[in-house]
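Below are the chains, spelled out letter by letter.
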There are 2 protein chains.
Amino acid sequence: MYKNDLILRAAKGEKVERVPIWLMRQAGRILPEYKATRARAKNFIEFVKNPELAAEVTIQPVDILGVDAAIIFSDILVIPEAMGLPYQMIEAKGPNFEKTIQSKKDIDDLRIAEAGDLDYVMQAIKLAKKDLNNRVPLIGFAGAPWTLMAYMIEGSGSKTFSQAKKFFYQEPTLAHQLLEKITQSTINYLKGQVAAGADMIQLFDSWAGVLGHDQYLEFSLKYISKICDAIEPLVPVTVFAKDAHFALADMAKLNCNTIGLDWTINPQDARIIIGNGKTLQGNADPCMLYADEKTIEATARKMVADFGKQRYIANLGHGLYPDIDKNKVKFFVDCIKGL
Amino acid sequence: MYKNDLILRAAKGEKVERVPIWLMRQAGRILPEYKATRARAKNFIEFVKNPELAAEVTIQPVDILGVDAAIIFSDILVIPEAMGLPYQMIEAKGPNFEKTIQSKKDIDDLRIAEAGDLDYVMQAIKLAKKDLNNRVPLIGFAGAPWTLMAYMIEGSGSKTFSQAKKFFYQEPTLAHQLLEKITQSTINYLKGQVAAGADMIQLFDSWAGVLGHDQYLEFSLKYISKICDAIEPLVPVTVFAKDAHFALADMAKLNCNTIGLDWTINPQDARIIIGNGKTLQGNADPCMLYADEKTIEATARKMVADFGKQRYIANLGHGLYPDIDKNKVKFFVDCIKGL
């Protein structure tokens with residue numbers, strides 16, 4: 001079906017001729033083409049909600065960088081918005097919610113999002129699929145429930161997310177109600193993405209690392225597990241929980257194909273802990289792409305040597321930073337593809 | 001010499017009757033008494049530079065919370081300031097440097113700080129020691145060279161410290177020159193603190209967790225090791241590298257008595273990796289102090305059960321947050337002391 005289905009085969013544990021690669025935030029500010037498209041929208045939210053523009057930037061890295069998958073351009077916070085919490089994205093600062101979740105009433109007032117509430121994402125997926133014309137698969141995504149809840153309570157980014165964590169300690173029952181509503185919304189959303197054409201799904205638990213092990217199992221992994229159980233029968237699911245070094249053995253039991261790793265995790269240790277039943281994805285430090293080509297090539301070689309060529313998808317351990325040179329990114333992609 | 005020297009004995013691996021406890025940021029905004037003293041200074045920098053006020057807030061938690069050690073009230077960024085980079089502390093935002101380090105000339109222009117450049121800290125230590133009157137030991141501290149360098153290059157806090165890390169990739173020789181200058185300044189500073197009366201020293205590597213293992217060894221632990229070698233012959237040294245889960249085995253080889261742990265580290269795992277040659281310190285999630293007393297008591301019991309009563313100093317895995325109820329903090333301290 002696809003001219004290049006390496007990433008789907010790698011995710012499923014099927015034999016691949018070479019290691020596939022895509023990059024978190026590959027559709028983003030490292031590309032002048034992205035900035036040009038972005039400039040056509042009034043603000044970030046309008047940009048995300050415009051299917052034509054979103055599809056356009058989704059395809060750019062496939063054309064320009066030669067990656068083995070596209071990932072739909074969107075934002076993890078579209079789910080809280082569809083549940084009733086509008087937000088703005090403030091340049092160089094991050095998201096800012098008009099209201100936050102503080103009480104039972106706030107949670108009761110949230111609706112469970114349906115795929116139809118996020119039709120603009122489904123339209124973007126359909127357009128992107130059409131433009132991709134089966135060159136490579138398209139990845140859909142969502143934020144993990146804990147990460148979304150963290151923003152919904154704090155109302156913005158935070159170094160500690162201490163207010164969201166306070167909710168676990170002071171209102172555990174309400175926290176579970178909130179997480180359940182987010183989880184149901186996310187399942188509806190991801191089923192919609194798959195129906196629209198997403199070939200794989202990645203869950204981003206960006207703030208996993210601020211939780212301890214017990215809280216992570218109770219308030220995050222439990223809900224990630226529900227989402228995996230609902231979506232994995234449809235398409236391969238990848239779980240990327242940043243800085244969750246303490247939960248690798250638990251993640252190995254998830255009903256998903258692929259576990260994403262950040263650069264603080266040793267590949268061989270991860271393989272031992274997670275076992276051979278999962279594909280691993282990652283885990284270069286994006287800052288490595290500030291280095292010279294010799295260092296980039298050595299990193300690519302080391303990644304493939306450490307992870308192995310099978311059951312492995314090359315990627316970074318975090319999203320690309322806006323000031324990284326796109327030529328270095330392309331060089332890195334070519335290094336992996338040449339191995 | 002001290003009415004209560006539990007913490008010194010625990011650090012040195014000597015037998016203790018009960019587990020000693022102190023808390024990171026115990027001298028801080030959780031105490032109304034701190035806020036009252038703070039209000040007497042024009043701004044944060046003037047506060048830090050006023051030995052009387054600094055000594056006053058240093059003693060408060062000993063009087064009010066009953067902790068087993070005082071820690072001198074200061075800021076890790078006094079070293080960059082003494083080296084020639086003034087900064088301001090902006091309310092609810094964090095530090096902001098007037099100029100940053102970007103070139104060889106910037107590094108050449110930095111002076112190596114002498115203890116005399118930080119005489120206000122030495123005076124504060126002397127005053128605090130006098131007021132403590134041998135009730136409990138006094139802890140001195142400094143930021144680890146990598147953490148200080150991160151601020152000196154970024155000029156402020158950062159979620160990724162990608163600009164500081166870029167320096168490692170693009171200017172490794174300059175990075176080592178900068179780290180060496182910071183290290184020499186820190187050794188001078190800490191020797192001064194010990195001469196002024198500090199009984200122990202803690203190094204804070206707050207941004208350890210943004211580095212991968214290899215970079216951590218080369219650009220952070222190497223310099224921490226130099227500081228340990230210079231200071232450990234004088235007084236016990238504690239190294240607290242936040243989120244450095246990947247470097248526990250390396251830290252076990254440091255010439256220091258105590259390793260601080262954050263709450264993402266499993267105590268039994270840490271004991272196995274680090275071995276019995278070090279005292280462990282930590283590691284409750286400060287957010288746990290938002291919970292009810294039953295949960296706080298259970299956490300205290302679990303900490304002591306998991307770490308053991310010997311070679312252990314109870315603490316948090318990060319500093320106290322300003323909105324934590326001081327009565328809960330006192331309750332936690334009493335729980336540990338009662339076990």
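Okay, so let's go over this structure. (Residues numbered from 1 in each chain as written. Chains lettered and ligands numbered in written order. Predicted model: local features only at pLDDT ≥ 70, side-chain atom pairs only at ≥ 80, totals over all residues. Heavy atoms only, no water.)

Notes on the interface of chain B and chain A
Listed by partner, the interface residues are 28 residues for chain B and 28 residues for chain A. Taken together, chain B and chain A are joined by four salt bridges. For B:Lys165, the salt bridge identified is with A:Asp285, shortest N-O distance 2.9 Å. On the surface where chain B and chain A come into contact, there are twelve residue pairs in polar contact (both at pLDDT 80 or more). Looking at which element gives the most residues to the side of chain B that touches chain A, the answer is helix H9 (residues 162-170) of chain B, with six residues. (Contact = heavy atoms within 4.5 Å. Salt bridge = Lys/Arg side-chain N within 4 Å of Asp/Glu carboxyl O. Polar contact = N/O pair within 3.5 Å; in protein donor to acceptor, adjacent residues only side chain to side chain. Helix = DSSP H or I, 4+ residues; strand = E, 2+ residues; numbered from the N terminus.)

Let's talk about empty space enclosed by the protein
Scanning the entire structure with this criterion turns up one cavity of 30 Å³ or more. Taken as a whole, the largest cavity spans an internal volume of roughly 40 Å³. When the residues that make up the lining of the largest cavity are grouped by side-chain class, the tally is seven nonpolar, two polar and two charged. (1 Å grid on protein atoms, 1.4 Å probe; cavity = no way out; pocket = protein on both sides within 12 Å on 5 of 7 lines; lining within 4 Å. Points joined across faces, edges and corners; volume = space filled by probe spheres on them. Nonpolar A, V, L, I, M, F, W, Y, C, P; charged D, E, K, R; others polar.)

Notes on the sheet that holds strand S1 (residues 70-71) of chain B
Residue and element names in this part refer to chain B. Spatially, seven strands are ordered S1-S4-S5-S6-S7-S8-S9 in an open sheet, and the strand pairing comes out parallel. Looking along the sheet, the strands with just one partner apiece sit at the ends: S1 and strand S9 (312-316). Sheet topology places strand S8 (residues 279-284) next to S9; five bridges connect them, and they run parallel. By the bridge assignment for S9, Ala284 is matched with Leu316. (Pairing = 2+ DSSP bridges.)

What about the pairing of strand S2 (residues 87-90) of chain A?
Residues and elements named next belong to chain A. As judged from the four bridges shared by S2 and strand S3 (residues 94-97), these two strands associate in the antiparallel manner. Considered in S3, the bridge of Tyr87 is made with Phe97. Connecting S2 to the next strand, S3, in antiparallel fashion are three residues, including Ala92 with a positive phi near 65°.

Remarks on the relation of the copies chain B and chain A
Superposing chain B onto chain A requires a rotation of 180° together with a translation of 0.0 Å along the rotation axis, leaving an RMSD of 0.0 Å. Here the two chains are linked by the operation of a two-fold rotation axis. Comparing interface residues between copies, 100% of those in chain B also sit at the interface in chain A, which points to an isologous, same-surface contact. (Least-squares fit on C-alpha atoms with pLDDT ≥ 70 in both.)

Quick look at the pattern of salt bridges
Enumeration over the complete set of coordinates arrives at 36 salt bridges over all chains. With a shortest N-O distance of 3.5 Å, A:Glu297 and A:Arg301 are connected by a salt bridge. Within this pair, A:Glu297 and its partner A:Arg301 are both found in helix H14 (residues 293-307), separated by four residues, close to a single helical turn. The salt bridge involving B:Glu17 is made with B:Arg9; its shortest N-O contact spans 2.7 Å. Assessed through its relative accessible area of 60%, B:Glu17 is described here as exposed. (Buried < 20%, exposed > 50% of the residue type's maximum accessible area, 1.4 Å probe, protein only.)

A look at unusual backbone geometry
Geometrically, the link from A:Gly282 to A:Asn283 is a cis peptide bond, its omega value of -10° lying close to zero. With respect to the helices, strands and loops of the structure, A:Asn283 is situated in strand S8 (residues 279-284). Of note, the phi angle at B:Ala92 is positive, near 65°, even though the residue is not glycine. Position of B:Ala92 relative to the elements: it lies in the loop between strand S2 (87-90) and strand S3 (94-97). In this structure, B:Asn133 is a non-glycine residue whose phi angle is positive, near 50°. Structurally, the position occupied by B:Asn133 is in the loop between helix H7 (119-132) and strand S4 (138-143).

Here's the deal with the environment of A:Cys228
The topology assignment puts A:Cys228 in helix H11 (residues 213-231). Spatially, the C-alpha atom of A:Cys228 lies 9.4 Å from that of A:Asn257, the residues being 29 residues apart in sequence.

Overview of the packing of helix H14 (residues 293-307) of chain B against helix H15 (residues 326-338) of chain B
Residues and elements named next belong to chain B. Close contact between H14 and H15 brings their axes to 9 Å; oriented N to C, the two are set at 35°. Seen along the crossing, H14 lies across H15 with a hand that is right-handed. When H14 is examined against H15, the residues Glu293, Ile296, Glu297, Ala300, Met303 and Val304 are found in contact with a partner set consisting of Lys328, Phe331, Phe332, Cys335 and Ile336. The residue makeup of the contact of H14 with H15, split by class, is eight nonpolar, no polar and three charged. (Axes fitted to C-alpha atoms, helices over the stretch in contact; angles between N-to-C directions. Left-handed = near helix turned anticlockwise from the far one by under 90°.)

Re the packing of aromatic side chains
Tallied over the full model, the rule gives 26 aromatic pairs over all chains. Ring geometry for A:Phe168 versus A:Phe219: centroids 3.9 Å apart, planes at 10°, classification stacked. Residue A:Phe168 is located in helix H9 (residues 162-170), and its partner A:Phe219 is located in helix H11; the two are separated by 51 residues in the primary sequence. Comparing A:Phe168 with A:Phe219, the two get one shared label, buried. For the pair B:Phe44 and B:Phe73, a centre-to-centre distance of 6.2 Å together with 75° between the ring planes defines the contact as edge-to-face. With B:Phe44 in helix H3 (residues 44-48) and B:Phe73 in the loop between S1 and helix H5 (78-83), this residue pair connects regions lying 29 residues apart in the sequence. An identical accessibility class is assigned to B:Phe44 and B:Phe73; each is buried. These aromatic residues form a ring-pair network of at least three members: A:Tyr34, A:Phe44, A:Phe47 and A:Phe73. (Phe/Tyr/Trp six-rings, centres within 6.5 Å; stacked < 30°, edge-to-face > 60°.)

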